Amino acid sequence: AYLYNMLEVNMWKASDTTDAHYITLDLQDPSSNHKKADFLVILGHNLKTIGATVSLQYSTDSFVADINDAFTPEAVPADTVYLKEFTAPAAVRRHWRLKIYNHITPPTKPAAYMTLCIWGLRVELDYATASFDPYEQDVKAQVYLSHGGYVTGVHTQYTERGLTLRFDDADAALYAKVKAWWDTSGLKNFFVAWDTANNPSDVYLMRPDLRFSNPLKNGGLYRDIDIQLKGRKE
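First, a word on scope: everything that follows refers to the structure included in this document. (Residues numbered from 1 in each chain as written. Predicted model: local features only at pLDDT ≥ 70, side-chain atom pairs only at ≥ 80, totals over all residues. Heavy atoms only, no water.)

### Here we look at the nonpolar core
- By size, the foremost hydrophobic cluster in this structure holds 26 residues, and its most contacted members are Leu40, Ile42, Leu47 and Leu98.
- Listing elements by their share of this core, those giving two or more residues are strand 4 (39–45), strand 5 (53–59), strand 9 (95–101) and strand 10 (113–120).
- With near-sequence residues (within four places) excluded, Leu40 lies in contact with Phe71, Tyr82, Leu83, Lys84, Phe86, Leu98, Cys117, Ile118 and Trp119.
- Judged by nonpolar contacts, the second largest core, of 17 residues, contains Leu125, Val178, Phe190 and Leu229. (Core = buried A, V, L, I, M, F, W, Y, C linked by side-chain atoms within 4.5 Å. Buried < 20%, exposed > 50% of the residue type's maximum accessible area, 1.4 Å probe, protein only. Helix = DSSP H or I, 4+ residues; strand = E, 2+ residues; numbered from the N terminus. Contact = heavy atoms within 4.5 Å.)

Below you can see the structure in the form of structure tokens.
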């Protein structure tokens, strides 16, 4: 499983037909980890519909002369969640930006938009000890029944995903990753991908359970780690 959480832009929509669009970040945070990235995720967008190409770029001089693509620019393949993994730059970079270009502009197509965009450093965990269902769902709805027990109406609110990851006999290195995630991200949303090699489209925006409990065992050498997650189905 992968945990993704770092820098985010919420509910962005282009205000004009400019090509290209840029979303730029000047990272003045002293932490070097906040100036690197090896993934990009975009959720709730229309970049496929407008035929857009995306690129994540970094720079040392605010994109005056030093402009670098973090990965080879590519057209977004679908309007569903878009995840791109790549090799992080060797050195930290203060200036980052998302470039959206080559798109079809209004009035032919709607203006570009996206609900959530995140890039940062991913964390790879281990193989889960217990089996789990990556497609577990719980439909939140009011179902109305007749006196005879027939369905007379359904008011659907949304569908909630559920994902439970268990790691028995986890060593200190794995626990350190999980604890760092909890300490820095807490109850906030983050992205989870359970198998990017064989199921690259299974990338979910989720939130953790309120309880963080991973008991010691075998005299304190190992832990049993349980991560319970929920999130709205896209």
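So, next bit.
### Points about a nonpolar patch on the surface
- A contiguous nonpolar patch, built from Val143, Leu145, Val151 and Val154 and spanning about 370 Å² of accessible area, is present on the exposed surface.
- For the nonpolar patch, the elements supplying multiple residues, two or more each, are strand 12 (136–145) and strand 13 (151–170).
- Structurally, Val154 is set in strand 13. (Patch = residues over 30% accessible without salt bridge, like charges linked within 9 Å, V, L, I, M, F, W, Y side chains within 5 Å. Areas by Shrake-Rupley, 256 points an atom, 1.4 Å probe, with all protein chains shown as cover. Salt bridge = Lys/Arg side-chain N within 4 Å of Asp/Glu carboxyl O.)

### Here we look at helix 1 (residues 172–185)
- End to end, helix 1 covers 20 Å across 14 residues, agreeing with the expected 20 Å (1.5 Å per residue, within 8%).
- Buried residues of helix 1: Leu174, Tyr175, Val178, Trp181, Trp182 and Ser185, and no others. Along the axis of helix 1, the buried positions cluster into a sector of 125 degrees, meaning they face one direction only. Set apart from the buried face of helix 1 by more than 90 degrees, the exposed residues are Ala172, Asp183 and Thr184. (Expected span 1.5 Å × (residues − 1). Arc of directions from axis to C-beta.)

### What to know about the pairing of strand 10
- Across the eight residues that make up strand 10, a large majority, six, are buried.
- Both strand 4 and strand 10 contribute to a ladder of six bridges, which runs antiparallel. Residue pairing across strands places Ile42 opposite Cys117, the latter belonging to strand 10. (Pairing = 2+ DSSP bridges.)

### Re the pattern of salt bridges
- Considering all chains together, one arrives at 13 salt bridges under this definition.
- A salt bridge links Lys217 to Asp169, with the nearest nitrogen and oxygen atoms 3.0 Å apart. On the criterion of sequence distance, the pair formed by Lys217 in strand 16 (residues 216–217) and Asp169 in strand 13 is long-range, its members being 48 residues apart.
- By relative accessible area, which is 26% here, Lys217 ends up partly exposed.
- You can call Asp169 partly exposed: its relative accessible area is 39%.

### Here we look at the layout of surface pockets
- One number sums up the size of the largest pocket: a volume of about 630 Å³.
- Forming the boundary of the largest pocket are 30 residues, of which Leu43, Val81, Val203, Leu205 and Glu234 lie nearest the centre.
- Mapped onto the lining of the largest pocket, the elements with two or more residues apiece are strand 4, strand 8 (82–85), strand 10, strand 15 (203–208) and strand 17 (222–232).
- The leading source of residues in the lining of the largest pocket is strand 15, at five residues.
- Looking at the lining of the largest pocket residue by residue, the class counts come to 13 nonpolar, seven polar and 10 charged. (1 Å grid on protein atoms, 1.4 Å probe; cavity = no way out; pocket = protein on both sides within 12 Å on 5 of 7 lines; lining within 4 Å. Points joined across faces, edges and corners; volume = space filled by probe spheres on them. Nonpolar A, V, L, I, M, F, W, Y, C, P; charged D, E, K, R; others polar.)

### Notes on unusual backbone geometry
- The phi angle at Asp169 is positive, at roughly 55 degrees, despite the residue not being glycine.
- The residue Asn218 is not glycine, and still its phi comes out positive at about 55 degrees.
- Relative to the helices and strands, Asn218 is located in the loop between strand 16 and strand 17.

### Some words on the packing of aromatic side chains
- Applying the stated criterion across every chain, the model contains seven aromatic pairs.
- On the basis of an interplanar angle of 45 degrees and a centroid distance of 5.3 Å, the ring pair of Tyr58 and Trp96 is categorised as tilted. In this pair, Tyr58 sits in strand 5 while Trp96 sits in strand 9, placing the two residues 38 residues apart along the sequence. The same class applies to Tyr58 as to Trp96, namely buried.
- Here Phe132 and Trp194 contribute two aromatic rings whose centre-to-centre distance is 5.9 Å and whose plane-to-plane angle is 90 degrees, an arrangement assigned as edge-to-face. Here the residue Phe132 occupies a position in the loop between strand 11 (123–124) and strand 12, and Trp194 occupies one in the loop between strand 14 (190–193) and strand 15, the gap between them amounting to 62 residues.
- Of the residues examined, Phe132 reaches a relative accessible area of 28% and is grouped as partly exposed.
- Residue Trp194 is classed as partly exposed on the basis of its relative accessible area, which comes to 25%.
- Here the basic side chain of Lys99 rests over the ring of Tyr101, its NZ or CZ set 4.3 Å away from the ring centre. (Phe/Tyr/Trp six-rings, centres within 6.5 Å; stacked < 30°, edge-to-face > 60°. Lys NZ or Arg CZ within 6 Å of the ring centre and 35° of its normal.)

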